[in-house]
Number of protein chains: 2
Amino acid sequence: MIAPATLADLPAFRIGHAQDAAAATGCTVIVAPAGASCGVAVRGGGPATRETDLLRPENMIEAVHAVVLAGGSAFGLEASCGVMDALAERGIGFQMAGACVPIVTGACLFDLLVGAPAHPDKAMGREAAERALADGYDGAAVAQGNVGAGTGATVGKLAAPEAAMKAGLGWSALRLGDLVVAALVAVNALGCVRDSQGRWVAGVVGPDGRVADPLEVLARGTAAQAGGEGGPVANTTLGVVLTNARLTKAHATKVASLAHDAYARAIKPVHTMNDGDTVFVFASGEVEAGADVVGVLGAEAMEQAILSAVMSAEGAYGLPAARDLA
Amino acid sequence: MIAPATLADLPAFRIGHAQDAAAATGCTVIVAPAGASCGVAVRGGGPATRETDLLRPENMIEAVHAVVLAGGSAFGLEASCGVMDALAERGIGFQMAGACVPIVTGACLFDLLVGAPAHPDKAMGREAAERALADGYDGAAVAQGNVGAGTGATVGKLAAPEAAMKAGLGWSALRLGDLVVAALVAVNALGCVRDSQGRWVAGVVGPDGRVADPLEVLARGTAAQAGGEGGPVANTTLGVVLTNARLTKAHATKVASLAHDAYARAIKPVHTMNDGDTVFVFASGEVEAGADVVGVLGAEAMEQAILSAVMSAEGAYGLPAARDLA
C-alpha cells in the first residue's frame, strides 16, 4: 500500500528556504547533518551546477552534507558558499585531521529576467541553512509556492515572455512500508505543466486566457525561435529526491535518472537545450530497498511535487499562477 | 501545423525486417545507404549494444550506415555482422583506400524466454538488410506488430510471467513544414503501456482480465522482487528516431535523450535496472532544424509509435495482446 507521507518522516534531512521576494529570487537548502549518499542526473542542455563531479560513483566522497537549489543562474552558486560556512561552524562536514569541509552540491535555475536582476548570495545561503537547522524545525511544515528556489520560477516560456505563468516550489512524500521517498522541486520550465489527468494547468497562456497545448504553440512557429540556441529563454527545473533507503552512489545516480521520468510526464517540452533540468537524490540509508522501487516511487513523488509547485504558486511579477485561472 | 507523415517521406532511410516467428525472435535494420549522422542515449540499466562508443560526439565517425534492433539479448548482436556483410558487398561503408567498412550500430532486447531460445544470427541480419535495400521498397508499407525486433517482444513483466502481454514493433511519422521526424520502436518493457488519455492498454493482466495499474502491482509487493537485480525479468525498449534534419552528432545525442521522454510518458515504470532502454537518432541532413524542435517532434512520434507497437501486436506464445482485451 503506497500511502502519503511528509518531510517529517525523513528526520535525517532538514530543509530551509530563504528569498528576496522583491527581487524574485531565492534558495532552498537540504541539509543532511550526518551526511547522506547522493547522486545526480543532469538532463537539461543548459545546467549550472557545483560539486557534481564528486558525486560520480567512481570518485571518493561517500557522504554529502547539503544540496542547494538556487535562483540567480550561475551567480546563484554563491549561495552554496554561505551554506558551507554555516555547516562548518557547526562541525558538519568531511573531517580531515583539523579541517572540516562540508560537502555541498547544488544547481541553479534562471530567474534573472523576473523581478530585479539579483541572485542568491552567501548571506542568503547561510540564512536558508540556519533555518533548516533551527530549533523547532518541522519537516511537515516546509513551505511551498513562491519560496526559496521557487521564488522567481516561471513556466510556459515557449512563446512571448508575457504569456508565461508564475510557478514555484513544491514537495510530496510517499511511504511503502518502512520506505519513505519524497521529492522537492522548483519548477522553472520552458514547457507547460499538466496534471495526472493530462489537463494543462500552467504554461503558455493562450488568447482565450487558458493554458495552451505546447505542441500547438510549437506548431505556430513561435517555439521554433524560442527553442533555438542563444534565445533569452533560460529555464531549469531543479529537483531532489529524498529517501531513507540505503543506496550506493551508483544506485542514487540511477534513481536520479528515473526521477526525470516525472519531468517528462508532467512537463512538455522538457529536457530541451534551453532547460538545465537536474535531479539530485539524497539517501540517508536506514531502510533496505532496491533502486528500481525507490526510483519508481521517486518519480511518482516528483510528479506530484511538480503539480504542487504550480498549484501552490501565487501570481506575481505581472504573471498569473494556476490558481488564478481556475 | 504538425501533420502525419510516413517512412516514405524519409527516402534516405530503408527499413527491413526478418524474423523467426516460431522461435519468437527477429531483427529490424534501418539502412542509410549514403550514411547519416547518428546519436544514442542509453537509459536502461541493462543494455546490450555495439558501436555506441563511436557515436560519442568527440569520436571520429560522422556517418553511420545502419542501425540494427534485434531480439536475442546480447547474442542478437550477431545480426549486425550479417548486415555488415550485406552492406560491404554493395559498397556501402566508410571508405579507406581499398577497404570499405560499414558502420553498423545497434542494440538488442531480451526475448529468450518467449518461444524457443533462439537469437537473430548473421543470416537473419543479412536477410533484413537485403529486404531494406530490395527493389520495390515502400517506406509507407513497413510492417508493424509481431515483426522484426518486435517478434518476441512482450510487456507487463512486473508480476508473474503468465500475466504479461504480447507487444511488438511500431512506427509513426510527423511533418512540420519540410521537417519530417519519424520513430520506430520495439516495445519489450517491464512496465505497462498507456495511451495518450492515460488508459492502460497493455501490461500486467489483472485478475479481472484488464490491464492493471503498475503502481498497484508494485504496491502489492510482487514488483519488489521482480524489480530486484538478478531476476529473470530482462526487458528493453529499443527505438530509433529518423529525421531529414541536419544534426551534428552532439545534437543527435541530445535528441535521443529527449525521445526517451516518450518512453516515460507511455510506459510505467521504464528505464529501470531491468530495462536496457535505448534510443538511436539517425539524421540524414537535408533540412535545417534546431535540436529542440526535432527532439520535441521525435518524442511525439515515439509516443505514437509505442502505442502503435502494442496496438498492432497479435496475441502469441500464450500471451494476449491489447486488441484481445478490447
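In the block above lies the structure referred to throughout.
Since the model is a prediction, treat every value here as computed from it, not as a measurement.

Reading the values: rules and limits
- Residues numbered from 1 in each chain as written.
- Chains lettered and ligands numbered in written order.
- Predicted model: local features only at pLDDT ≥ 70, side-chain atom pairs only at ≥ 80, totals over all residues.
- Heavy atoms only, no water.
- Least-squares fit on C-alpha atoms with pLDDT ≥ 70 in both.
- Contact = heavy atoms within 4.5 Å.
- Pairing = 2+ DSSP bridges.
- Helix = DSSP H or I, 4+ residues; strand = E, 2+ residues; numbered from the N terminus.
- Axes fitted to C-alpha atoms, helices over the stretch in contact; angles between N-to-C directions.
- Phe/Tyr/Trp six-rings, centres within 6.5 Å; stacked < 30°, edge-to-face > 60°.
- Buried < 20%, exposed > 50% of the residue type's maximum accessible area, 1.4 Å probe, protein only.
- Buried area = accessible area lost by both parts, 1.4 Å probe.
- Salt bridge = Lys/Arg side-chain N within 4 Å of Asp/Glu carboxyl O.
- Polar contact = N/O pair within 3.5 Å; in protein donor to acceptor, adjacent residues only side chain to side chain.
- Nonpolar A, V, L, I, M, F, W, Y, C, P; charged D, E, K, R; others polar.
- 1 Å grid on protein atoms, 1.4 Å probe; cavity = no way out; pocket = protein on both sides within 12 Å on 5 of 7 lines; lining within 4 Å.
- Points joined across faces, edges and corners; volume = space filled by probe spheres on them.

Attention now moves to the relation of the copies chain A and chain B. Once chain A is rotated about the relating axis by 180° and shifted along it by 0.0 Å, it coincides with chain B to within an RMSD of 0.0 Å. In short, the pair behaves as if placed about a two-fold rotation axis. Using C-alpha coordinates, one finds that chain A approaches the rotation axis most closely at Arg265(A), a distance of 2.6 Å. A symmetric contact is evident, with 100% of the interface residues of chain A recurring at the interface of chain B.

Our next topic: the sheet that holds strand E14 (residues 200-202) of chain A. Strand pairing within a sheet occurs via backbone hydrogen bonds; the two strands may be parallel or antiparallel. Residues and elements named next belong to chain A. Overall, antiparallel pairing links the three strands, which are arranged E14-E13-E16 in an open sheet. This sheet does not close on itself; its edge strands, each paired only once, are E14 and strand E16 (267-268). Two elements, strand E13 (residues 192-194) and E16, share two bridges in a ladder whose sense is antiparallel. Residue pairing for E16: Val193 is matched across the bridge by Ile267. Along the sheet, helix H6 (residues 291-312) contacts E13, E14 and E16; its crossing angle with E14, the most-contacted strand, is approximately 55°.

Let's shift gears to the packing of aromatic side chains. Residue and element names in this part refer to chain A. One pass over the full model with this rule turns up two aromatic pairs over all chains. Ring centres of Phe13 and Phe282 lie 5.1 Å apart, and the angle between their planes is 35°; on these two criteria the pair is classed as tilted. Remark: Phe282 occurs in strand E17 (residues 278-287) and Phe13 occurs in the loop between strand E1 (2-4) and strand E2 (14-20); sequence separation between them is 269 residues. Judged on exposure class, the residue Phe13 and its partner Phe282 are both buried.

Attention shifts here to the interface of chain A and chain B. Taken together, the contact pairs 36 residues of chain A with 36 residues of chain B. Interface area, chain A with chain B, both sides summed: about 2,900 Å², of which 57% is carbon and sulfur. Contact with chain B buries surface across chain A, with Arg43(A), Arg265(A) and Asp292(A) losing the most and accounting together for 19% of the total. Between the two partners, chain A and chain B, sit four salt bridges. Put simply, Glu300(A) and Lys268(B) hold a salt bridge, and the shortest N to O gap is 2.9 Å. Counting the contacts that link chain A with chain B gives 20 residue pairs in polar contact (both at pLDDT 80 or more). Elements represented by at least two residues in the side of chain A that touches chain B include exactly helix H3 (214-219), helix H5 (249-266), E16 and H6 of chain A. Of all the elements, H5(A) adds the most residues to the side of chain A that touches chain B, at eight residues. Residues of the side of chain A that touches chain B, tallied by class, amount to 17 nonpolar, nine polar and ten charged.

Where empty space is left in the structure can be found by rolling a water-sized probe over the atoms. Considered as a void within the structure, the largest pocket measures approximately 960 Å³ in volume. Looking at the largest pocket, it is lined by 37 residues, and the ones nearest its centre are Arg194(A), Gly198(A), Asp195(B), Ser196(B) and Glu303(B). For the lining of the largest pocket, the secondary structure elements donating two or more residues are H3 and H6 of chain A together with strand E1 (2-4), helix H5 (249-266) and helix H6 (291-312) of chain B. Partitioning the lining of the largest pocket into residue classes produces 13 nonpolar, eight polar and 16 charged.

The next point concerns the environment of Ala3(A). If you trace the backbone, Ala3(A) turns up in strand E1. With residues near it in sequence (within four places) discarded, Ala3(A) still touches Ala173(A), Leu174(A) and Arg175(A).

What follows is about the sheet that holds strand E13 (residues 192-194) of chain B. With respect to topology, three strands assemble into an open sheet ordered E14-E13-E16 (chain B), the strand pairing being antiparallel. If you trace the sheet from one side to the other, it starts and ends with strand E14 (200-202) and strand E16 (267-268) of chain B, each paired once.

Summed over the entire model, instances satisfying the criterion amount to 26 salt bridges over all chains. Note that Arg56(A) is salt-bridged to Glu58(A), the shortest N-O span being 2.9 Å. Assessed through its relative accessible area of 43%, Arg56(A) is described here as partly exposed. When the shortest N-O distance is used, the salt bridge between Glu127(B) and Arg131(B) registers 2.5 Å.

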